[in-house]
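# Close look at the chain arrangement
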Amino acid sequence: MAAIDVTPFGDGQFLIQLFPVSNIPDQIGFGRYYEATCEVALEDGNATLHECIVHRPTNRRNVVGVRLTDWLVILIKTDLTLTQLSHAAVSVAQYGRELSEQKAATRRNQV
């Protein structure tokens, strides 16, 4: 997966947008939030697992109007720096249970 954007989100948390994502399971619905385990593989080859929240956005289109279906947004809390994450390979190692939008917002402070 290619990280197209890594944004600091406060208190060691980052929002990471991934595109393209070729292995999204069918049960991961558009506009939904999920608990997950994410893998962060650094440039030096070291990889670590982190709890994260995954969101699969709806109704996104690219610059020529084609609908994007292979895009994820991840909220992850880590001790890594912005520079490290920006150069890392980030992927979802395992999807967990679905979260409501309210529960995902609450979990944001716990991730």
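Residues numbered from 1 in each chain as written. Predicted model: local features only at pLDDT ≥ 70, side-chain atom pairs only at ≥ 80, totals over all residues. Heavy atoms only, no water.

### Here's the deal with the overall build of the chain
- Broken down by element type, the chain carries 2 helices and 6 strands.
- Going from N to C terminus, the chain has its helices and strands arranged as β-β-β-β-β-α-β-α.
- Evaluated residue by residue, the chain yields a buried proportion of 35% over its 111 residues.
- Taking all contacts inside the chain whose residues are at least 6 apart in sequence as the whole, residues at least 24 apart take part in 61%.
- Element-wise, carbon and sulfur atoms account for 47% of the exposed surface of the chain, whose accessible area totals about 6,500 Å². (Helix = DSSP H or I, 4+ residues; strand = E, 2+ residues; numbered from the N terminus. Buried < 20%, exposed > 50% of the residue type's maximum accessible area, 1.4 Å probe, protein only. Contact = heavy atoms within 4.5 Å. Areas by Shrake-Rupley, 256 points an atom, 1.4 Å probe, with all protein chains shown as cover.)

### As for a nonpolar patch on the surface
- Taken together, the side chains of Val-63, Val-64 and Val-66 present a nonpolar region at the surface, about 350 Å² in accessible area.
- For Val-63, the location among the structural elements is in the loop between strand S4 (47–56) and strand S5 (72–77). (Patch = residues over 30% accessible without salt bridge, like charges linked within 9 Å, V, L, I, M, F, W, Y side chains within 5 Å. Salt bridge = Lys/Arg side-chain N within 4 Å of Asp/Glu carboxyl O.)

### Things to note about unusual backbone geometry
- Residue Phe-19 is joined to Pro-20 through a cis peptide bond whose omega torsion reads -5 degrees.
- For Asp-11, which is not glycine, the phi torsion reads 55 degrees and is therefore positive.
- Topologically, Asp-11 is positioned in the loop between strand S1 (3–10) and strand S2 (13–18).

### What to know about the pattern of salt bridges
- The final tally for this structure, using the stated rule, is 3 salt bridges.
- In this structure, Lys-77 engages Asp-11 in a salt bridge whose closest nitrogen and oxygen atoms are separated by 3.3 Å. One end of the pair, Lys-77, is in strand S5; the other, Asp-11, is in the loop between S1 and S2, and 66 residues separate them in sequence.
- The exposure class of Lys-77 is partly exposed, given its relative accessible area of 33%.
- The partner of Glu-35 in a salt bridge is Arg-97, with the nearest N and O atoms 3.3 Å apart. Taken as a pair, Glu-35 in strand S3 (residues 32–41) and Arg-97 in strand S6 (residues 89–99) lie far apart in primary sequence, 62 residues in all.
- By relative accessible area, Arg-97 is classed as partly exposed at 49%.

### Here's the deal with the nonpolar core
- By size, the foremost hydrophobic cluster in this structure holds 22 residues, and its most contacted members are Ile-16, Val-54, Ile-74, Ile-76 and Val-92.
- At the level of elements, S2, S3, S4, S5 and S6 are the ones that each hand at least two residues to this core.
- Per element, the largest residue contribution to this core is 4 residues, and it comes from S3.
- Residue contacts for Val-54: discarding those within four places in its chain leaves Arg-32, Tyr-33, Tyr-34, Ala-36, Cys-38, Leu-72, Val-73, Ile-74, Val-92 and Tyr-95. (Core = buried A, V, L, I, M, F, W, Y, C linked by side-chain atoms within 4.5 Å.)

### Quick notes on the layout of surface pockets
- Approximately 170 Å³ is the volume found for the largest pocket.
- What lines the largest pocket is a set of 12 residues, among which Leu-15, Tyr-33, Ile-53, Leu-75 and Ala-104 lie closest to the centre.
- Residue assignment for the lining of the largest pocket shows that the elements contributing at least two residues are S4, S5 and helix H2 (101–107). (1 Å grid on protein atoms, 1.4 Å probe; cavity = no way out; pocket = protein on both sides within 12 Å on 5 of 7 lines; lining within 4 Å. Points joined across faces, edges and corners; volume = space filled by probe spheres on them.)

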